[in-house]
Amino acid sequence: MDRKFMKEAICLANQAKINGEVPVGAVIVKDGQIIATGRNMREEKQNALSHAEIEAINNACKALDSWRLDGCEMYVTLEPCPMCAGAIINARIKTLIFGAYDKRMGSVDSVVNLCDMPYNHKVEVYGGIMEDECLDIIKDFFKSIRD
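Parameters and conventions
- Residues numbered from 1 in each chain as written.
- Predicted model: local features only at pLDDT ≥ 70, side-chain atom pairs only at ≥ 80, totals over all residues.
- Heavy atoms only, no water.
- 1 Å grid on protein atoms, 1.4 Å probe; cavity = no way out; pocket = protein on both sides within 12 Å on 5 of 7 lines; lining within 4 Å.
- Points joined across faces, edges and corners; volume = space filled by probe spheres on them.
- Helix = DSSP H or I, 4+ residues; strand = E, 2+ residues; numbered from the N terminus.
- Nonpolar A, V, L, I, M, F, W, Y, C, P; charged D, E, K, R; others polar.
- Buried < 20%, exposed > 50% of the residue type's maximum accessible area, 1.4 Å probe, protein only.
- Polar contact = N/O pair within 3.5 Å; in protein donor to acceptor, adjacent residues only side chain to side chain.
- Core = buried A, V, L, I, M, F, W, Y, C linked by side-chain atoms within 4.5 Å.
- Contact = heavy atoms within 4.5 Å.
- Phe/Tyr/Trp six-rings, centres within 6.5 Å; stacked < 30°, edge-to-face > 60°.
- Salt bridge = Lys/Arg side-chain N within 4 Å of Asp/Glu carboxyl O.
- Expected span 1.5 Å × (residues − 1).
- Pairing = 2+ DSSP bridges.
- Axes fitted to C-alpha atoms, helices over the stretch in contact; angles between N-to-C directions.

Caption draft 1: How the structure looks around the layout of surface pockets. Considered as a void within the structure, the largest pocket measures approximately 530 Å³ in volume. Lining the largest pocket are 20 residues, and of these Leu 78, Asp 102, Met 105, Ile 138 and Phe 142 sit closest to its centre. Among the elements that take part in the lining of the largest pocket, helix H5 (residues 131–146) stands out by supplying four residues, more than any other. For the lining of the largest pocket, the class distribution of residues is eleven nonpolar, two polar and seven charged.

Caption draft 2: Structural view of the side chain of Arg 39. Residue placement: Arg 39 occurs in strand S2 (residues 33–39). Taking the relative accessible area as the measure of exposure, Arg 39 reaches 13% and is therefore buried. Engagement of the side chain of Arg 39 in a polar contact is seen with the side chain of Glu 44, the distance being 2.6 Å.

Caption draft 3: Fine view of the nonpolar core. If you look at the biggest cluster of nonpolar residues, it comprises 41 residues, and the most contacted ones within it are Met 6, Ile 28, Ile 57, Leu 69, Met 74, Ile 93 and Leu 96. Listing elements by their share of this core, those giving two or more residues are helix H1 (3–18), strand S1 (25–30), helix H3 (52–64), strand S3 (72–78), helix H4 (82–90), strand S4 (95–100) and H5. Sorting elements by how many residues they give to this core places H1 first, with six residues. For Leu 96, the residues in contact, after removing those within four places along its chain, are Met 74, Val 76, Pro 80, Ile 88, Val 108, Val 123, Glu 124, Val 125 and Tyr 126.

Caption draft 4: Representation of the packing of aromatic side chains within the structure. Taken as a whole and judged by the stated rule, the model has three aromatic pairs. Summarising the aromatic geometry, the rings of Phe 98 and Tyr 101 are spaced 5.0 Å apart at their centres and angled 80° between planes, so their arrangement reads as edge-to-face. By relative accessible area, which is 1% here, Phe 98 ends up buried. Overall, Tyr 101 belongs to the partly exposed group, its relative accessible area being 25%.

Caption draft 5: Looking closely at the pattern of salt bridges. As enumerated under the stated definition, the model contains four salt bridges in all. A salt bridge links Glu 133 to Arg 3, with the nearest nitrogen and oxygen atoms 3.9 Å apart. Of the two residues, Glu 133 sits in helix H5 while Arg 3 sits in helix H1, which places them 130 residues apart along the sequence. For Arg 39, the salt bridge goes to Glu 44, with nearest N and O atoms at 2.6 Å.

Caption draft 6: Structural view of H3. For H3, which comprises 13 residues, the first-to-last C-alpha distance of 18 Å matches the rise-based estimate of 18 Å (1.5 Å per residue) to within 8%. Looking at the buried positions of H3, the neighbouring elements they touch are S1, S2, helix H2 (42–45), S3 and H4. A positive backbone phi angle near 55° is found at Asp 65, which sits one or two residues after H3.

Caption draft 7: Expanded view of the side chain of Glu 55. Tracing the backbone through its elements, the reader meets Glu 55 in helix H3. If sequence neighbours within four positions are ignored, Glu 55 has contacts with Thr 37, Gly 38, Arg 39, Met 41, Lys 45 and Ser 50.

Caption draft 8: Region of interest: the sheet that holds S2. An order of S2-S1-S3-S4-S5 is seen for the five strands of this open sheet, with the pairing classed as mixed. The sheet is open, and its two borders are formed by S2 and strand S5 (124–126), each paired with just one other strand. Direction aside, the axes of adjacent strands within the sheet are offset by 15° on average. Two strands pair when backbone bridges link them, and S1 and S3 are joined in this way by five bridges, in the antiparallel orientation. Paired with Val 27 across the two strands is Tyr 75, which belongs to S3. The strands that H1 touches are S1, S2, S3 and S4; relative to S1, the one it contacts most, it runs at about 145°.

Below you can see the structure in the form of structure tokens.
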């Protein structure tokens, strides 16, 4: 795990926040190099599928010209939801590193652990990496909406 990749995901989350999106950013790394990034874009694209993880996976598949992201790591600022956890499993991502836990929708630890189900691919999961920094972005975003 490399904190510099989580810092890049945090930068992407901040970009999402500036664009009025729930601030989540994702980075996909292979062989120590960033090959793809994504940030939440649901409002911009008016597409329920445009979560940061899905955007990053789509970009990584294009970069590698393959749907199999073998050997890749994903860094994401928020614990993935069920849709994103399923996409991570199906893309064959080797390792998932996430920042803040999502007690309402988190599907790799908090609500359910889809990565621990008996699927044909197992994802290594590490949560709580730079958790305070990742959580602060989310809290600030929703506080600004309430104010």
